[in-house]
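Chain by chain, the residues:
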Amino acid sequence: MCLLMKYHTQTCRSSRVRLDRCHRAAKVRITLIIPQGCRWSPGRPGWRLATGAETRRCVCAEAATAPAPGACLGKRKTGMPQTVCSGTMFTTPSGFSPHLACAEPGEEEEAPQEGPVPGACLADGSPITSASLDTLIQNLVPTADYYPEKAYVFTFLLSARLFIPPPDLLARVCELCIKQQQLDQSPLDTAKVRKFGPKILQLLTEWTETFPSDFRDEKMVGHLKDIIHRIAACDEAYWKTLNQVLQKLNQRLALMSQGEESIVKVSLNASSISDKLVAFKTKPPPIQKDMLSICNDPYTLAQQLTHVELEHLRRIEPEEFVQAFVQKDPLDGTQQPCFSDQKKKTSNLEAYVRWFNRLCYLVATEICMPAKKKQRAQVIEFFIDVARECFNIGNFNSLMAIISGMNMSPVSRLKKTWGKAKTAKFYILEHQMDPTGNFYNYRTALRGAAHRSQTANSNRERIVIPFFSLLIKDIYFLNEGCANRLPTGHVNFEKFVELARQVGEFMTWKQVECPFEEDRAILHYLHTAPIFSEDGLYLASYESESPENQVEKDRWKALRSNVLAKT
C-alpha cells in the first residue's frame, strides 16, 4: 500500500521543487513540495528557508515569533485553543510533547535528557529503554498485587503489533495469567482471584476501548471470553462486566464500519474533476455554483471546515500511525511483517490526507474559475478571511490547505488579480506557517493552542487540529531514524515511548466534540464540488491572465487542445 502525502508549503509564490523520499522496505512514498530557496536539514527532520523570516510581534507568552490563535488575526478574539498540550497519559518533563517542541531558528535542538521516561518503567520500578519482547509482555500482565502504568499499556499495545500479532499477544497474556494465578487448577484460590479479577478486566477494557479494531478478529474475542470464564467461578459479576465491555465494543465497531462506508462514498463523490468547466469560463451566467454563492461568511465556512476536520480525526485509530510505516523486522526470522498488507488498515489516515489535497485544489479552483479579475480578487480575500478564522479556531490543517491552494503556481501567477486583492493578512498567515526552523512559528502557535485547552471551559476552546501532514512527517522520521530493535535483539522501547507520546497527544485532540452547528449545504459542497486537475488549473489561469512568455504560450496551446478536446 502506498501512502502519498503532498506538503504544499510554499511561503512565496515561486516555482516549486519536489523532493521524493522513498522508504523501500515500508513502501511509503512521501512527496514534499517545498519552495525554491529552501534547503533540507538532515540534522533536523524538516526543511528551512535559506533566508530567515522577519520577526513579528508576538502575543504568546512562551515564544516571541508567533501570535497565538485568536489573539491578533481578527476581531473575534476568544482565548487560545484548549486541549492538553500532550495526551493525558503522555507528558514530558518540560510540559509539552515532541510534536510541539521546536528549536528557535538558528538554534540547535537540545540533546535528549537522560533518565527514566514517563510510562517506561518495569514492574519493579526500574526505567526501561530496551528489553526483550518476553520481558515487555511479562510487564503487561497484571497480578493480584500489580497493574502496569496506563502509559505503559498504551505504549506497548501500540508498538507490540510490529513484533507479534494482537491475537498472539493476547494469547500469551492469557497463558501467563493462567500460569501465574493457577487458573487451571481446582479449586481456585477465591481470595487471590478476586484481587486479580478486576485487574485483568481493567486491562481488557483498556485494550477494547483504545484498540477496538484488534477485536474484529474472532480469536481476540475468544481469548477474552476464555480468561473471564476461568475467573467467573469466583464471582459471577465478572460475566456481567464482560458483557458490558463486549456490548460497548460491538457498538464501537459498528460505528467504525459505518464510518468506513461513508469514507468510500465521500471519496467517490469528491473525486469529480471537471476540467470541462474551463470551457465555460467566459459564458455568463456561470453554469457552475461557486463557494460564495453557497457561503459568503468566512467564519461560517471556517466552522464547517472544522466539522470536516474533526470528523476525519475521530475516525483515525492510533494503530494506523504504526501500520502506515510498517517494515520487515531484520532480526525477525519470519518472512512477513506481523500483519499482512491485506490487514494493514490505514484507510482513515489516507482519507484525511486526500481531504487535505482536495481542499488545496478546491481553493485553487474557486480562485481560477471566475472570468472577471474583480471576482477573483474577491474570492482571494474571502479565503484569506477563512484562513484567519481557521487559525483563531485552532484549525491548523485547513489553514495550511488554504494557504497551499493559494500558493499553487496557477494561482500565484495571477499578478493582476493579486494586485487587486488586499493581502496584508495573507502574508501574516503565510509567515505563521513558514517552514523555517522546522516550522518553528507553527509549532509555537500549536503549543499556544494546546495551552489554551488546559483551562478550557467549552469545546469551542478545546479545539486543536494540527497540520496533519507535518505530524505524519514527524512520525515518519522518528520511525526512519531509530531502529525497532537493537543489535542485542532487544526491543528499542525508548523509541516507542516517543511514538506513544505523539500519538497519545493526537488521541486527546481527536476526542473533542465539534461545538458548531452543521450546515449540510456547505458540507455537501465541500465534499462534492468539482475541482480542476493541475492541467485544468493552469488552463483556467491562462484563460484569466494571458501567458507572459513563449514557454507559457506553448503550454497554453497544448492545454487547450488536450483539455478542451476531452470536453
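Residues numbered from 1 in each chain as written. Predicted model: local features only at pLDDT ≥ 70, side-chain atom pairs only at ≥ 80, totals over all residues. Heavy atoms only, no water.

The name recorded for the chain in an unreviewed UniProt entry is Ras-GEF domain-containing family member 1C-like isoform X1, from Betta splendens.

## Concerning the packing of helix H16 (residues 436–454) against helix H18 (residues 468–481)
Taken N-terminus to C-terminus, the directions of H16 and H18 make an angle of 130 degrees; their axes are 12 Å apart at the nearest point. It follows from the interaxial angle that H16 and H18 lie oblique. In terms of crossing hand, the pair formed by H16 and H18 is left-handed. Contacts between H16 and H18 involve Asn438, Phe439, Tyr442 and Arg443 from the first element and Leu470, Lys473 and Asp474 from the second. Split by residue class, the contact of H16 with H18 holds 3 nonpolar, 1 polar and 3 charged. (Axes fitted to C-alpha atoms, helices over the stretch in contact; angles between N-to-C directions. Helix = DSSP H or I, 4+ residues; strand = E, 2+ residues; numbered from the N terminus. Parallel < 35°, antiparallel > 145°, perpendicular 65-115°, else oblique. Left-handed = near helix turned anticlockwise from the far one by under 90°. Contact = heavy atoms within 4.5 Å. Nonpolar A, V, L, I, M, F, W, Y, C, P; charged D, E, K, R; others polar.)

## Let's talk about the packing of aromatic side chains
The full count for this structure, using the stated rule, is 19 aromatic pairs. With a centroid separation of 5.5 Å and an interplanar angle of 70 degrees, the aromatic rings of phenylalanine 382 and phenylalanine 383 are classed as edge-to-face. Here phenylalanine 468 and phenylalanine 506 contribute two aromatic rings whose centre-to-centre distance is 5.9 Å and whose plane-to-plane angle is 50 degrees, an arrangement assigned as tilted. Note that phenylalanine 468 is positioned in helix H18 and phenylalanine 506 in helix H19 (residues 493–510), a separation of 38 residues in sequence. Under the relative-accessibility criterion, phenylalanine 506 is labelled buried at 1%. (Phe/Tyr/Trp six-rings, centres within 6.5 Å; stacked < 30°, edge-to-face > 60°. Buried < 20%, exposed > 50% of the residue type's maximum accessible area, 1.4 Å probe, protein only.)

## Overview of the nonpolar core
One finds Phe156, Leu301, Phe321, Met406, Phe468 and Leu526 to be the most contacted residues of the largest nonpolar core, which totals 142 residues. Among the elements that make up this core, the one with the highest residue count is helix H10 (residues 347–368) (13 residues). Other than its neighbours up to four places away in sequence, phenylalanine 468 contacts Ile316, Phe321, Leu349, Tyr352, Val353, Asn397 and Phe506. (Core = buried A, V, L, I, M, F, W, Y, C linked by side-chain atoms within 4.5 Å.)

## Focus: a positive patch on the surface
Together, Lys372, Lys373, Lys374, Lys416 and Lys420 give the surface a local cluster of positive charge. Breaking the positive patch down by element, the ones donating at least two residues are helix H11 (373–393) and helix H14 (415–420). Secondary-structure assignment places lysine 373 in helix H11. In this structure lysine 373 comes out as partly exposed when scored by relative accessible area, which is 34%. (Patch = residues over 30% accessible without salt bridge, like charges linked within 9 Å, V, L, I, M, F, W, Y side chains within 5 Å. Areas by Shrake-Rupley, 256 points an atom, 1.4 Å probe, with all protein chains shown as cover. Salt bridge = Lys/Arg side-chain N within 4 Å of Asp/Glu carboxyl O. Lys, Arg positive; Asp, Glu negative; His and termini not counted. Charge placed at Lys NZ, Arg CZ, Asp CG, Glu CD.)

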